[in-house]
Amino acid sequence: MGETPERREVTELEALKALAHPRRQRIMRHLEVDGPATSATLARSLDLNTGATSYHLRELARHGFVEDFDDPDAHGRERWWRAVRRDLRFPPRSEQSAEVRPVVDEMTRLVFAADLQDFLDASTAPQAEEEMDMPYSRGTIHVTQAELGEFFEEYIALLNRYKRTGPLPDGARAVQTRFFTYRSPATGAGTNLPGTDAPGTGEPETARTTTTPDT
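Residues numbered from 1 in each chain as written. Predicted model: local features only at pLDDT ≥ 70, side-chain atom pairs only at ≥ 80, totals over all residues. Heavy atoms only, no water.

Participant: I'd like a rundown of the overall build of the protein chain, residues and numbers included.
Facilitator: Within the protein chain one finds 6 helices and 7 strands. N-terminal to C-terminal, the α/β element order of the protein chain is β-α-α-β-α-α-β-β-β-α-β-α-β. Looking at the protein chain as a whole, 23% of its 215 residues qualify as buried. Counting every atom, the protein chain has about 15600 Å² of accessible surface; 52% of that belongs to carbon and sulfur. (Helix = DSSP H or I, 4+ residues; strand = E, 2+ residues; numbered from the N terminus. Buried < 20%, exposed > 50% of the residue type's maximum accessible area, 1.4 Å probe, protein only. Areas by Shrake-Rupley, 256 points an atom, 1.4 Å probe, with all protein chains shown as cover.)

Below is the structure:
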C-alpha cells in the first residue's frame, strides 16, 4: 500500500513556532485531509483572509511543511499548495529546552482541541448508510521506556502501510487516526502488578476494546 515517508526531526524553535500558529494548524489540517488547494480555496473553506492565508502558506513552505507545485489543470496564474509528506518527529519532553517546551505544549493543545472537536462532530452527525463504522479502543500496557519506543515505531509502520498517494480504491475515504500515551494515574503507576512480589513482573491486564455498533 503506502510507502514509508522520509523522517524529519523538527527541533528548530522557529519551525516549531511556525507549526504552533492556530491558523497554520488549520491550513495544514485541510491540506493533509482534503489534498492540494490554492490560497483562495483555503481562505473560502476556512473563512480566512486570502492575503493572510498566502502569508501563512509561505511561512509553512519556508520551514518545509508545505510546497507549491505546477498543476497541469491550473487556471491562469493559480498557485497550488500541498502538504509535504514527512514523518515529523518532535523533541521528547525530557529533551525540550525552556524555550521549546511552551511552543510544543501550545501546538499539542491546539491539535488535541481540534481532534476532540472533530471527533465530537463526527460521532454526533447523522450517519449515512454507506459510511464506515469507526472502531474505538483503549487499554493499559506495562512497558519500559525502550519498549514504549518500540511500540510507537510499530504503530507508525502500520499507519504508513495504509497511507496512499495514488488513486484510491472504491469505498476508500479519509479516516483520522490518533495515538497518544500518558502515565496511568492509578496508585503506584503500575510499578507493582496484582499477584506479584517484584515490581514490573507478571501478566498485563487485558486491554479493553470496543467498536461502534452496526447501524
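Back to the text.
Participant: Account for the pairing of strand β4 (residues 80-83), with residues named and values stated.
Facilitator: For a regular strand, side-chain orientation follows a simple rule: the groups alternate between the two sheet faces. Bridge count between strand β2 (residues 37-38) and β4: 2 bridges; the pairing is antiparallel. Residue Thr38 lies in a different strand from β4, and its bridge partner there is Trp80. (Pairing = 2+ DSSP bridges.)

Participant: Can you break down the sheet that holds strand β3 (residues 66-69) residue by residue, with the values?
Facilitator: Strands pair in a sheet through their backbones, by hydrogen bonds, and they do so in one of two ways: parallel or antiparallel. Pairing within the open sheet is antiparallel, and its 3 strands lie in the order β2-β4-β3. The two strands at the open ends of the sheet, each matched to only one other strand, are β2 and β3. Contacting β2, β3 and β4, helix α2 (residues 22-34) runs over the sheet at an angle of about 85° to β4. (Contact = heavy atoms within 4.5 Å. Axes fitted to C-alpha atoms, helices over the stretch in contact; angles between N-to-C directions.)

Participant: Outline the pairing of strand β5 (residues 86-89), supporting the account with residue identities and numerical values.
Facilitator: The side-chain alternation of β5 yields one buried face, formed by Asp87 and Arg89, and one unburied face, formed by Arg86 and Leu88. Where strand β1 (residues 6-9) and β5 come together, 4 bridges link them in parallel fashion. Note on β5: the bridge partner recorded for Glu9 is Arg89.

Participant: Summarise the packing of α2 against helix α3 (residues 39-46); cite the residues concerned and give the values.
Facilitator: Relative to each other, α2 and α3 sit at 110°, their axes nearing to 11 Å. Classified by the angle their axes make, α2 and α3 are roughly perpendicular. Listed contacts from α3 to Arg26, Ile27, His30 and Leu31 of α2 are Leu42, Ser45 and Leu46. A breakdown of the residues in the contact of α2 with α3 according to their chemical character gives 4 nonpolar, 2 polar and 1 charged. (Parallel < 35°, antiparallel > 145°, perpendicular 65-115°, else oblique. Nonpolar A, V, L, I, M, F, W, Y, C, P; charged D, E, K, R; others polar.)

Participant: So what about the packing of aromatic side chains? Which residues, and what values?
Facilitator: Evaluated as defined, the whole model comprises 5 aromatic pairs. With centroids separated by 5.3 Å and ring planes inclined at 70°, the aromatic side chains of Phe112 and Phe180 adopt a geometry described as edge-to-face. Here the residue Phe112 occupies a position in helix α5 (residues 100-124), and Phe180 occupies one in the loop between α6 (145-161) and β7 (208-211), the gap between them amounting to 68 residues. Its relative accessible area of 48% is what places Phe180 among the partly exposed residues. With 4.7 Å between their ring centres and 25° between their planes, Tyr155 and Phe179 make a pair best called stacked. Linking Tyr155 in helix α6 with Phe179 in the loop between α6 and β7, this pair joins segments that are 24 residues apart in sequence. Classification of Phe179 as partly exposed rests on a relative accessible area of 28%. Three or more aromatic residues link up through ring pairs in this structure, and these residues are Phe151, Phe152, Tyr155 and Phe179. Cation over ring: Arg82 sits above Phe69, and NZ or CZ is 4.3 Å from the ring centre. (Phe/Tyr/Trp six-rings, centres within 6.5 Å; stacked < 30°, edge-to-face > 60°. Lys NZ or Arg CZ within 6 Å of the ring centre and 35° of its normal.)

Participant: Any chance you could break down the pattern of salt bridges for me, citing the residues and the numbers?
Facilitator: Pairing between side chains of opposite charge can happen when the charged atoms of each approach one another. Scanning the model with the defined rule gives 14 salt bridges in all. Among the ionic pairs, Arg29 bridges to Asp118, the shortest N-O distance being 3.0 Å. Residue Arg29 is located in helix α2, and its partner Asp118 is located in helix α5; the two are separated by 89 residues in the primary sequence. Residue class for Asp118 comes out partly exposed when judged on its relative accessible area of 35%. Across the salt bridge formed by Arg79 and Asp68, the nearest N and O atoms sit 3.0 Å from each other. Taken as a pair, Arg79 in the loop between β3 and β4 and Asp68 in strand β3 lie far apart in primary sequence, 11 residues in all. For Arg79, a relative accessible area of 43% translates into the label partly exposed. A cluster of three or more residues bridged by salt bridges with shared partners is formed by Arg7, Glu9, Asp87, Arg89 and Glu153. (Salt bridge = Lys/Arg side-chain N within 4 Å of Asp/Glu carboxyl O.)

Participant: Give a detailed account of the layout of surface pockets, specifying residues and quantitative values.
Facilitator: By rolling a water-sized probe across the atoms, one finds the places where empty space is left. When its volume is computed, the second largest pocket comes out at roughly 180 Å³. If you trace the second largest pocket, you find it lined by Pro22, Gln25, Arg26, Arg29, Leu110, Val111, Ala114, Gln117 and Asp118. Tallying contributions element by element places α5 first for the lining of the second largest pocket, with 5 residues. In the lining of the second largest pocket, the residues fall into 4 nonpolar, 2 polar and 3 charged. (1 Å grid on protein atoms, 1.4 Å probe; cavity = no way out; pocket = protein on both sides within 12 Å on 5 of 7 lines; lining within 4 Å. Points joined across faces, edges and corners; volume = space filled by probe spheres on them.)

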